[in-house]
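These are the residues of each chain, in order.
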Amino acid sequence: MKVGFIGLGNMGGPMCRNLIKGVNHEVVVYDLDPAAMAACTAVGGTAGTGLEALAAECDVILTSLPTPKHVEAVAAVIGAHAGAGTVLIDLSTNAPAVVRRLAEELAAKGIGFLDSPVTGGVIRATDGSIVIMVGGEAATVEANRGLLASFSSQVVHVGPVGSGSVAKLINNMLGLCNMAIAAEGLMLGALAGIDMGILAGIISNGSGDSAAFRGMANRALKGNFNASFALDLAYKDVGLAVDLAAEHGLPGLMAPEALNLMRMGRAMGLGGQDSTSVLQVYEKIMGKEARS
Ligand code: NAD
């Protein structure tokens, strides 16, 4: 069996390297960025020559791409060049409606599809403990469970296609709302003049703790805004969650506020920086840094 992996960025890169080390199959890797490719061929991946060739030669293809538009463009090439019986597993965070449409279009060509977004960030993508939530037919999930388990400690079959993406959007809506309030709270601590290291230590051990808070304390509070999870991608995720809420008539109260905070950050030119850059939005408005 030959496996393809397209999109070797912050998440795809480490997941692909764990896959290469964890399976006996040839893994053909492809990214627009040659440095991202080199980091995967260095551990045994085969450099793909292009999307069309990869689609034609691989039995299972994994994608980890930034936005639904990127996934749709790549899936169109796969649909045109992959043989019947191929399975596309999309690890990206995508819209449920988009993945359902993709699954239908690919099924018409005999190509299987699983929406399989992940949670745990770069750290857990790297140590192999990333959680994968899968939407799709049970038989396709079971046939590929071993492959997914080679780079994940938890592969959860949520339900039919689209359901993995629903779970992921709700997870990120919670995480990123937590991040927004973490930024607001830390800015308040800085303005009120208490020691930020002590404050972060108390919250990390207190009822205000969350994974998002710890991410903020470990990175933003130390002035590290290099993108591990870019603000642009976080904005995409909350936007997709807000769209899903509107689709179901849910009155949005928290998530639209977090989305606006991120929109302000992007308007300030912070979109390419880490999502914890929402702290910088408060810092710029208040004219004071929050650092430990
Ligand atoms: P990234 O921008 O670091 O990586 C995306 C990669 O895709 C880049 O290397 C880019 O060159 C490549 N790419 C784009 N178009 C391509 C194409 N047509 N062909 C080949 N390669 C192409 O993004 P990321 O942070 O790794 O995120 C990937 C996906 O995972 C996103 O959907 C994101 O929302 C999701 N996600 C990210 C995190 C995180 O913490 N970073 C966590 C969970 C889920």
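Residues numbered from 1 in each chain as written. Predicted model: local features only at pLDDT ≥ 70, side-chain atom pairs only at ≥ 80, totals over all residues. Heavy atoms only, no water.

- An unreviewed UniProt entry lists the chain under the name NAD(P)-dependent oxidoreductase, with Paeniroseomonas aquatica given as the organism.

**As for the overall build of the chain**
Then comes step 1: Counting its regular elements, the chain contains 13 helices and nine strands.
Then comes step 2: Taking 292 residues into account, the globule formula puts the C-alpha radius of gyration at 19 Å, and the chain, at 20 Å, falls close to it.
Then comes step 3: Overall, the C-alpha framework of the chain stretches about 60 × 45 × 30 Å when taken along its three principal axes.
Then comes step 4: By the burial criterion, 49% of the 292 residues in the chain qualify as buried.
Then comes step 5: In the chain, the share of contacts with a sequence separation of at least 24, taken over all contacts with a separation of at least 6, comes to 67%. (Helix = DSSP H or I, 4+ residues; strand = E, 2+ residues; numbered from the N terminus. Rg over C-alpha atoms; globule rule 2.2 N^0.38 Å. Buried < 20%, exposed > 50% of the residue type's maximum accessible area, 1.4 Å probe, protein only. Contact = heavy atoms within 4.5 Å.)

**A closer look at the pairing of strand β5 (residues 87-90)**
Then comes step 1: On β5, burial covers both faces: Val87 and Ile89 on one face and Leu88 and Asp90 on the other are all buried.
Then comes step 2: In terms of strand pairing, strand β4 (residues 60-63) meets β5 through four bridges, oriented parallel. Note that in β5 the partner of Leu62 across the bridge is Ile89.
Then comes step 3: As paired strands, β5 and strand β6 (residues 112-115) are joined by four bridges and run parallel to one another. If you follow Val87 over to β6, its bridge partner there is Gly112. (Pairing = 2+ DSSP bridges.)

**Regarding a nonpolar patch on the surface**
Then comes step 1: Taken together, Leu191, Met264, Met268, Ile285 and Met286 make up a surface patch of nonpolar side chains, about 430 Å² in accessible area.
Then comes step 2: If you trace the backbone, Ile285 turns up in helix α13 (residues 278-286).
Then comes step 3: On the basis of relative accessibility, which here comes to 48%, the residue Ile285 falls in the partly exposed class. (Patch = residues over 30% accessible without salt bridge, like charges linked within 9 Å, V, L, I, M, F, W, Y side chains within 5 Å. Areas by Shrake-Rupley, 256 points an atom, 1.4 Å probe, with all protein chains shown as cover. Salt bridge = Lys/Arg side-chain N within 4 Å of Asp/Glu carboxyl O.)

**A short note on the UniProt feature "domain: 3-hydroxyisobutyrate dehydrogenase-like NAD-binding" (unreviewed entry) in the chain**
Then comes step 1: Within the UniProt annotation, "domain: 3-hydroxyisobutyrate dehydrogenase-like NAD-binding" (unreviewed entry) is assigned to residues 162-282.
Then comes step 2: In residues 162-282, helix accounts for 68% and strand for 0%; the two terminal C-alpha atoms are 35 Å from one another. (UniProt positions renumbered as here; feature names shortened; annotations may be inferred.)

**Some details on the domain arrangement of the chain**
Then comes step 1: Domain boundaries assigned for the chain yield domain 1 (2-160) and domain 2 (166-286).
Then comes step 2: Each of domain 1 and domain 2 has a C-alpha centre, and these two points are 28 Å apart.
Then comes step 3: Linking domain 1 with domain 2 are zero salt bridges, by the criterion used here.
Then comes step 4: Run the count over domain 1 and domain 2 and you get six residue pairs in polar contact (both at pLDDT 80 or more).
Then comes step 5: When residues of the side of domain 1 that touches domain 2 are traced back to their parent elements, those giving at least two are α5 (96-107) and β7 (118-119). (Domains from an automatic or database assignment. Polar contact = N/O pair within 3.5 Å; in protein donor to acceptor, adjacent residues only side chain to side chain.)

**What about the packing of helix α12 (residues 255-267) against α13?**
Then comes step 1: Axis separation between α12 and α13 bottoms out at 9 Å; the angle between their running directions is 70 degrees. Relative to α13, the element α12 is oriented roughly perpendicular. On the side of α12, the interface is formed by Leu261, Met262, Met264 and Gly265, while α13 contributes Val278, Val281, Tyr282 and Ile285.
Then comes step 2: In terms of residue class, the contact of α12 with α13 is built from seven nonpolar, one polar and no charged. (Axes fitted to C-alpha atoms, helices over the stretch in contact; angles between N-to-C directions. Parallel < 35°, antiparallel > 145°, perpendicular 65-115°, else oblique. Nonpolar A, V, L, I, M, F, W, Y, C, P; charged D, E, K, R; others polar.)

**Some remarks on the site of the ligand**
Then comes step 1: Around the ligand there are 24 residues in total, and Met11, Asp31, Leu65, Ser228 and Lys236 lie nearest to it.
Then comes step 2: In the model, a nitrogen atom of the ligand is placed 3.5 Å from a nitrogen or oxygen of the Leu32 main chain.
Then comes step 3: Here an oxygen atom of the ligand sits 2.8 Å away from a polar atom, N or O, in the main chain of Leu65.
Then comes step 4: Bound to the protein, the ligand loses 86% of the 840 Å² it would expose on its own.
Then comes step 5: Mapped by element, the contributors of at least two residues to the shell around the ligand are α4 (68-81) and α11 (231-247).
Then comes step 6: In terms of residue count, α11 provides more of the shell around the ligand than any other element does, three residues in total. (Near = heavy atom within 4 Å.)

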